[in-house]
Amino acid sequence: MSRMEDVQVEMLEKARELFQLCDKDKKGFITKVDMQRLQSELPLTPEQLETVFDSLEQNNKGYLTPVEFSMGLGKLIGIELCQGAGRTDRSRHEETFESGWSDDLDPADDDEEEKRFCSMMEQLGAAQLFEDPHEIRELWARLRKERPELLSNFEEFLLRVSSYIKEVNHERESMEQALKRKESDHDREVRCLYEEMEQQIKVEREKLVCQEALRHDRSNLLQKELHNKEQELEKILYRQKKLEHQLQSLNSEQLETRVQNERLRHLNENLLKELEKSKWELEAVKEQLQKLQKEAQLEQEQKDR
C-alpha cells in the first residue's frame, strides 16, 4: 500500500504537470486543442489524444477541469498499473489516480454523511451560500474518508469562502441600497428636469404658434401677390399670342409681297428683253429708212439732171 500511495502521489504530480503543460494560458481548463500539446510528452498521435480527451470528458462540455483531468487520467493509468502488477480482482473502492480518492461512496453511509455535511455547513454559515453543494459534499466526504488530516483545512477554506461570500453579499446589498438611493435621487432630478423641459416646451410651443400665425399671414399675402402675378402673366401671354398672330400675318404678307416682287422682276426682265428687241428693230428700220432716203435722193438728183 505504501508503494501504491507513492506511485499515486507521483502520478498526481505528473498529471498536474501535464495539465499545466496543456493549460499554457492559465484558463483553469483545457480543450481538445490544448490536449495536442501532449504530443511531445506522450507517444500518442493527435487522433489518439482526441480519443483520450473524449474518454476523459463525461459531461460533453467541450473542456476538462483539473479534477476531471486528474481523476480521468488516474482511472486510465490506474487500470494499467493494476494489469502490470498482475492483479485481476479489483474491488469497487479501488484507489484512483487523484490523491487516493475512491470513485464511489458507500450508499449505506450517505444519510449519515449528508447529516454531518449539513451540520458542518450550518456551523460554518455556508448552508445557503452555494446553489449546488453536491461537488463540495463529495469532496468533503472523500477527504473525511481518505484524507482526514486535510479535512480541517478544507473546512477552514470553506469558512473563509463563506465569510468572503457573506462580505460580498453584504457589500452587494449596501451597493444595491446605495444604488436605490441613487436611483431615487436620479428619478427626482429627472422629474425636475422633466418639469423644466415641459415648461420650456410649452414656451417654445407658444413661440412656434406665434411664428406659425405670422407665417400664415405672410403666406396669404404671398398667395395674393402670386395671384396678381399670375393674372399679369396671363395678360402678357395673351399679348404675346396676339403679337405672334400679327407676326404670322406680317410674315404671310411679306411672303406674298416677295412673290409679287419676284413676278415683277421676271416681268421687268421680259420687258427689258422686248425693249432691247424693239430697239434693235428700230435701229434696223432706221438704217433701212436712211438707205431709202439716200436712194430717193439719188433718184431725185437723177431726175433733176
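Under an unreviewed UniProt entry, the chain has the name EFC4A protein and belongs to Poecile atricapillus.

A word on the UniProt feature "domain: EF-hand" (unreviewed entry) in the chain. According to UniProt, the positions carrying the feature "domain: EF-hand" (unreviewed entry) are residues 10–45. Helix and strand shares over residues 10–45 are 47% and 0% respectively, and the end C-alpha atoms of the span are 25 Å apart.

As a further point, take the nonpolar core. Counting residues in each nonpolar core, the largest one holds 14 residues, and the members touching the most others are Ile30, Met35, Leu38, Leu56, Leu64 and Phe69. The set of elements that each furnish at least two residues to this core consists of α1 (2–22), α3 (46–56) and α4 (66–84).

This part is about the pattern of salt bridges. Scanning all chains against the criterion turns up eight salt bridges. A salt bridge links arginine 16 to glutamate 13; the nearest nitrogen and oxygen atoms lie 2.0 Å apart. Placement of the pair is arginine 16 and glutamate 13 together in helix α1, with a separation of three residues, close to one helical turn. Given the relative accessible area of 39%, arginine 16 is considered partly exposed. Because the salt bridges share partners, they merge into one network encompassing Glu262, Arg265 and Glu269.

For α3, the set of buried residues is Leu49, Val52, Phe53 and Leu56. The arc that holds every buried residue of α3, seen down its axis, measures 100°, which confines them to one face. Facing away from the buried side of α3 by over 90 degrees, the exposed positions are Glu47 and Thr51.

This part is about the packing of aromatic side chains. For the structure shown, the criterion picks out one aromatic pair. Centre to centre, the rings of phenylalanine 19 and phenylalanine 69 are 5.7 Å apart; their planes meet at 55°, and the pair counts as tilted. With a gap of 50 residues between them, phenylalanine 19 in helix α1 and phenylalanine 69 in helix α4 connect regions that are remote in the sequence. Residue phenylalanine 69 is classed as buried on the basis of its relative accessible area of 1%.

How each quantity is defined
- Starting afresh in each chain, residues are numbered from 1 along the sequence in its written order.
- Since the coordinates come from a predicted model, pLDDT governs what is reported: local features require at least 70, and pairs of side-chain atoms require 80 or more to be given and counted, while whole-chain, interface and lining totals use all residues.
- Side-chain metrics rest on all non-hydrogen atoms present in the structure, leaving aside hydrogens and water.
- UniProt positions are given in the numbering used here, feature names are shortened, and annotations may be inferred rather than shown by experiment.
- Note on conventions: DSSP H or I runs of at least 4 residues are helices, E runs of at least 2 residues are strands, and numbering of each starts at the N terminus.
- Nonpolar cores were defined as sets of buried Ala, Val, Leu, Ile, Met, Phe, Trp, Tyr and Cys residues, with membership established by side-chain atoms within 4.5 Å.
- Burial classification: accessible surface area is computed with a 1.4 Å probe over protein chains only, and a residue below 20% of its type maximum counts as buried, one above 50% as exposed, and the rest as partly exposed.
- Whenever Lys or Arg places a side-chain nitrogen within 4 Å of a carboxyl oxygen from Asp or Glu, that contact is recorded as a salt bridge.
- Here the arc refers to the directions that run from the helix axis out to each C-beta atom.
- Two rings from Phe, Tyr or Trp (for Trp, the six-membered ring) form a pair when their centres are within 6.5 Å of each other. A pair whose planes differ by under 30 degrees is stacked, one over 60 is edge-to-face, and the rest are tilted.

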